[in-house]
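The primary structure of each chain is shown beneath.
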Amino acid sequence: MKKIFVILALALPMLVSAQKFGHVNTTELFQQMPEVNQVKAQMDTIQAQYETQLTLMQEELQKKYQDYQQNEATMPDAIKQMKQQELQEMQGRIQTFYQTAEQDIQKKQQELLAPVHEKMSKAIKAVGERDGYTYIFDSAAMVYIAPAAIDASPAVRKELGIK
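Predicted model, so just to flag it, every value in this text is computed and none were measured. (Residues numbered from 1 in each chain as written. Predicted model: local features only at pLDDT ≥ 70, side-chain atom pairs only at ≥ 80, totals over all residues. Heavy atoms only, no water.)

*Asks:* What exactly am I supposed to notice about the overall build of the protein chain here?
*Replies:* Looking only at helices and strands, one finds five helices and three strands in the protein chain. Out of the 163 residues in the protein chain, the part that is buried amounts to 24%. The long-range share in the protein chain, meaning contacts at least 24 apart out of those at least 6 apart in sequence, stands at 85%. Working note: accessible area of the protein chain is about 12,100 Å², and carbon and sulfur atoms make up 56% of it. (Helix = DSSP H or I, 4+ residues; strand = E, 2+ residues; numbered from the N terminus. Buried < 20%, exposed > 50% of the residue type's maximum accessible area, 1.4 Å probe, protein only. Contact = heavy atoms within 4.5 Å. Areas by Shrake-Rupley, 256 points an atom, 1.4 Å probe, with all protein chains shown as cover.)

See the structure below:
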């Protein structure tokens, strides 16, 4: 039993020194990927479509509200109530549309960015396997990186085809 502990005690430093650790800043790497600009352009188009629709709905509400204010004094009570209810319903639809639009935009962005994240993860994994890394850490989330730590970012950029 003592022999096993002695062997482990002697072998452990050799095992630790044989490990290779690297780091990449995934936030920077992600921003450098050309696919991110393509997704941003698609998202800008989608967001503009929602904003256009929202503006049209708000303009329609504003027009109906102005019409209501101009004619309120001459309206019978039943028509007043109907118009007030219509204005409240329109306001509710606008709020619902706005919330739905935000959710749809966020969902679409996640959907479009998922393959980009997957591509980056595969590239990091490929570099790790090819270059014999034990771990590649995300330096964007690290508090301290030793000067002797290996920056694997250039190899990952090359793997992704980023100059």
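*Asks:* Would you mind going over the nonpolar core with me for this structure?
*Replies:* Nonpolar side chains in soluble globular proteins generally cluster together in the buried interior. Residues Leu29, Phe30, Met33, Val156 and Leu160 are the most contacted members of the largest nonpolar core, which totals 22 residues. Residue assignment for this core shows that the elements contributing at least two residues are α2 (26-32), α3 (34-71), α4 (77-131) and α5 (153-160). The element best represented in this core is α4, accounting for eight residues. Not counting residues within four places of it along the chain, the set of residues in contact with valine 156 comprises Val24, Leu29, Ala123, Ile124 and Val127. Of all hydrophobic cores here, the second largest spans eight residues; its members include Leu61, Met75, Leu87 and Met90. (Core = buried A, V, L, I, M, F, W, Y, C linked by side-chain atoms within 4.5 Å.)

*Asks:* I tried to follow the sheet that holds strand β1 (residues 21-24) on my own but got confused; where do I start?
*Replies:* In a beta sheet, neighbouring strands pair by backbone hydrogen bonds and run either parallel or antiparallel. Spatial strand order, β2-β1-β3: three strands in an open sheet with parallel pairing. Looking along the sheet, the strands with just one partner apiece sit at the ends: β2 (135-138) and β3 (150-151). With two bridges connecting them, β1 and β3 associate as parallel partners. Opposite histidine 23, over in β3, you have aspartate 151 as the bridge partner. (Pairing = 2+ DSSP bridges.)

*Asks:* What's the story with the packing of aromatic side chains in this structure? I'm lost.
*Replies:* The geometry of an aromatic ring pair is captured by two quantities: the separation of the ring centres and the angle between the planes. For the structure shown, the criterion picks out four aromatic pairs. Pairing phenylalanine 21 with tyrosine 135 gives two aromatic rings, centres 5.6 Å apart and planes at 5 degrees, and the pair type is stacked. Taken as a pair, phenylalanine 21 in strand β1 and tyrosine 135 in strand β2 lie far apart in primary sequence, 114 residues in all. Taking relative accessible area as the criterion, phenylalanine 21 reaches 35% and is therefore assigned partly exposed. Note on tyrosine 135 and phenylalanine 137: the rings are 5.6 Å apart at their centroids and 25 degrees apart in plane angle, and the pair reads as stacked. Judged by its relative accessible area of 35%, phenylalanine 137 is partly exposed. Within the aromatic cluster, the residues linked to one another by ring pairs are Phe21, Tyr135 and Phe137. In this arrangement the basic side chain of lysine 20 is found over the ring face of tyrosine 133, its NZ or CZ atom lying 4.6 Å from the centre. (Phe/Tyr/Trp six-rings, centres within 6.5 Å; stacked < 30°, edge-to-face > 60°. Lys NZ or Arg CZ within 6 Å of the ring centre and 35° of its normal.)

*Asks:* What should I look at first to understand the side chain of asparagine 25 in this one?
*Replies:* As for its position among the elements, asparagine 25 is in the loop between β1 and α2. Separated by 3.1 Å, the side chain of asparagine 25 and the backbone nitrogen of threonine 27 make a polar contact. In this structure the side chain of asparagine 25 is engaged in a polar contact, spanning 3.1 Å, whose partner is the backbone nitrogen of glutamate 28. (Polar contact = N/O pair within 3.5 Å; in protein donor to acceptor, adjacent residues only side chain to side chain.)

*Asks:* Help me understand the pattern of salt bridges, please; the structure alone is not making it clear to me.
*Replies:* As a working rule, side chains carrying opposite charge can pair if their charged atoms are close by. Summed over all chains, the structure comprises six salt bridges. Ionic contacts of the salt-bridge type, sharing partners, join the residues Arg130, Asp131 and Glu159 into one network. (Salt bridge = Lys/Arg side-chain N within 4 Å of Asp/Glu carboxyl O.)

*Asks:* Is there a simple way to explain the packing of α3 against α4 in this structure?
*Replies:* Packed helices, taken two at a time, are described by the angle their axes make and the gap between the axes. In contact at an axis separation of 10 Å, α3 and α4 are set at 180 degrees when each is read in the N-to-C sense. When the interaxial angle is binned, α3 and α4 end up roughly antiparallel. Of the residues in the contact of α3 with α4, the class split is 20 nonpolar, seven polar and 10 charged. (Axes fitted to C-alpha atoms, helices over the stretch in contact; angles between N-to-C directions. Parallel < 35°, antiparallel > 145°, perpendicular 65-115°, else oblique. Nonpolar A, V, L, I, M, F, W, Y, C, P; charged D, E, K, R; others polar.)

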